[in-house]
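A look at the structure
Chain by chain, the residues:
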Amino acid sequence: MTHAMLKGSNVPLEATTVRAVLRWTPGQGIPDVDVSALLLGPDDRVRSDEDFVFYNQPRHPSGQVWRLGKKRAADGLTDAIQTDLTGVEARVGRILLVASADGVAFDQVRDLRILLYDAAATDAEPLAYFDVRPETGEETALICGELYRRGESWKFRALGEGYSNGLEGLATEFGISVDEEAEAEAAAARDARSAPEPAGPAAEPAGTPPEAPTALVPSPPVSAPPAHSTSARTTPAQPLPPEQPPGVPAQPAYGYPQQTPATQPAYGYPQPAGAGQTAYGYPQEPAPATANGAAAGYGFPPPSAVIPDPDFRLPPQGPQFVGR
């Protein structure tokens, strides 16, 4: 028999393993909802941060409370937590079942309901369900219900208590130390999980001819550049010498070795026999004698064949040469 519960009502549980399922109707502009659980000790506070089971910590260290994850059902989306009541530590007196909407008010969530199932039963009938309705519409986190001890047995109570400061504020009130950096990472993980899939490639316009198939050719191996260089560089090709018009002797390009003429020996090499001019640095051949037998000096005209005047005298060169 399924119990339709009102806020504040409770129902005893005979099942040893229960599954709490949070269900809502998705749609355009409907926020994503997450379920989580807090295990409270005798002082109604968590004993450590490990007593918080949520999307970034989906299993309690004891192994008795764990998150099953989201599924798409015929009547909406679901997120569930399962608990083995017989294995829960004796110091844990309450297990809060919480819904959070990632900073979005719950007045935008449609048909929010929590259902309790016997996890060992073969039929799909829930033990109880409770339609959760926010009181103010500004709640961003809700305690939908709780599993609590009553003597040696367990019960389920429908609560519907809201918090306007989100899952972080709710968890902090029950003793969880919230790390801002971890919370930012958790928000990024939620955004990545709820991001829509990228759209497929755009359709080609009508009348576009299909591309010809391209043969797959393996690429040749690329050799790595030397260790001392940061990138591979390509040396540009040397320019070709300009072409010469027909009939003009070929002139080598600038920077290329010059061809030594056949009649001009290279610098520093002996002059070939029979050449009319000796190379620089080698002894000169004797100059031909003049008519009077004297050799012409370098840079001076050859001596004249006329004998100088014997009566020629130099003029006085200064007062110091004047006789007294």
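Numbers given to residues run from 1 along each chain, matching the order in which its sequence is written. In view of the model being predicted, local features appear only for residues whose pLDDT reaches at least 70, and side-chain atom pairs are presented and counted only at 80 or more, with totals across whole chains, interfaces and linings using the full set of residues. As a convention, hydrogens and water are excluded, and side-chain values are obtained from all of the structure's heavy atoms.

Observations regarding the side chain of Arg23
What counts, and what does not: Secondary structure elements are taken from DSSP: a helix is a run of H or I of four residues or more, a strand is a run of E of two residues or more, and numbering for both begins at the N terminus. Any N or O atom pair separated by 3.5 Å or less is treated as a polar contact, with the protein-specific requirement of one donor-capable and one acceptor-capable atom, and with residues adjacent in sequence counted only for side-chain atom pairs. Two residues qualify as a contact provided that any one of their heavy atoms is within 4.5 Å of a heavy atom in the partner residue.
When you line up the elements, Arg23 lands in strand E3 (residues 17-25). At 2.6 Å, the side chain of Arg23 forms a polar contact with the side chain of Asp75. Sequence-distant contacts of Arg23, defined by excluding residues within four places in its chain, comprise Asp75, Leu77, Thr78, Asp111, Leu112, Arg113 and Leu115.

Details of the pattern of salt bridges
Our working definition: By definition here, a salt bridge exists when the distance from a side-chain nitrogen of Lys or Arg to a carboxyl oxygen of Asp or Glu is within 4 Å. Only protein chains enter the accessibility calculation, which uses a 1.4 Å probe; a residue is then buried when its area is under 20% of its type maximum, exposed when over 50%, and partly exposed in between.
Taken as a whole and assessed by the stated rule, the structure comprises twelve salt bridges. For Arg47, the salt bridge is made with Asp51, and the minimal N-O distance between the two is 3.0 Å. Owing to a relative accessible area of 2%, Asp51 belongs among the buried residues under this scheme. With its nearest N and O atoms 2.7 Å apart, the salt bridge here joins Asp79 to Arg67. Here Asp79 is found in strand E7 (residues 76-84), whereas its partner Arg67 is found in strand E6 (residues 65-73), with twelve residues between them in sequence. The pair formed by Asp79 and Arg67 is uniform in burial state, with each residue classed as buried. Beyond isolated ion pairs, a larger network of salt bridges with shared partners links Asp32, Asp34, Arg67, Lys70 and Asp79.

Focus: the sheet that holds strand E8 (residues 94-100)
Inclusion rule: When DSSP finds two or more bridges between a pair of strands, those strands are recorded as paired. Every axis corresponds to a line fitted to the C-alpha atoms, with the helix fit spanning only the stretch in contact, and the corresponding angles, defined between N-to-C directions, vary from 0 to 180 degrees.
Read across the sheet, six strands follow the order E2-E12-E11-E8-E4-E5 without closing on themselves; strand pairing throughout is antiparallel. The open sheet has two edge strands, strand E2 (10-13) and strand E5 (52-53), and neither has a second partner. Where strand E11 (residues 141-150) meets strand E12 (residues 153-163), nine bridges bridge the pair, whose relative direction is antiparallel. Considered in E12, the bridge of Ala141 is made with Tyr163. The strands touched by helix H1 (residues 166-173) within the sheet are strand E4 (34-40), E5, E8, E11 and E12, with E11 carrying the most contacts at an inclination of about 30°.

Quick look at the sheet that holds E3
Backbone-to-backbone hydrogen bonds pair the strands of a sheet. The strands run either parallel or antiparallel. Strand order in this open sheet of six strands is E1-E10-E9-E3-E7-E6, and the pairing throughout is mixed. Every interior strand has two partners, whereas the edge strands, strand E1 (3-4) and E6, have only one. Pairing between E1 and strand E10 (residues 128-131): two bridges, direction parallel. Each bridged residue has a counterpart across the sheet, and for His3 the counterpart in E10 is Ala128.

Things to note about the packing of aromatic side chains
Quick reminder of the rule: For this analysis, a ring pair means two rings from Phe, Tyr or Trp (six-membered ring only for Trp) whose centres lie within 6.5 Å, classed as stacked if their planes differ by under 30 degrees, edge-to-face if by over 60, and tilted for the remaining angles.
The full count for this structure, using the stated rule, is two aromatic pairs. Consider the rings of Phe52 and Phe54, whose centres lie 4.4 Å apart with planes at 10°: the pair is stacked. Plain terms: the ring middles of Phe54 and Tyr55 are 5.2 Å apart, the flat faces sit at 70° to each other, and that makes the pair edge-to-face. Residue classification places Phe54 among the buried positions, given a relative accessible area of 16%. Take Tyr55: its relative accessible area is 14%, and that puts it in the buried class. Among the aromatic residues, those joined into a ring-pair cluster are Phe52, Phe54 and Tyr55.

Structural notes on the side chain of Ser36
Residue placement: Ser36 occurs in strand E4. Discounting residues that sit within four places of it in the chain, Ser36 has contacts with Phe52, Val53, Phe54, Ile81, Leu96, Leu97, Val98 and Leu167.

A look at unusual backbone geometry
The backbone phi angle of Asp44 is positive, close to 60°, even though this residue is not glycine. Among the structural elements, Asp44 can be located in the loop between E4 and E5. For Asp111, which is not a glycine, the phi torsion comes out positive at approximately 60°. Within the fold, Asp111 resides in strand E9 (residues 110-118).

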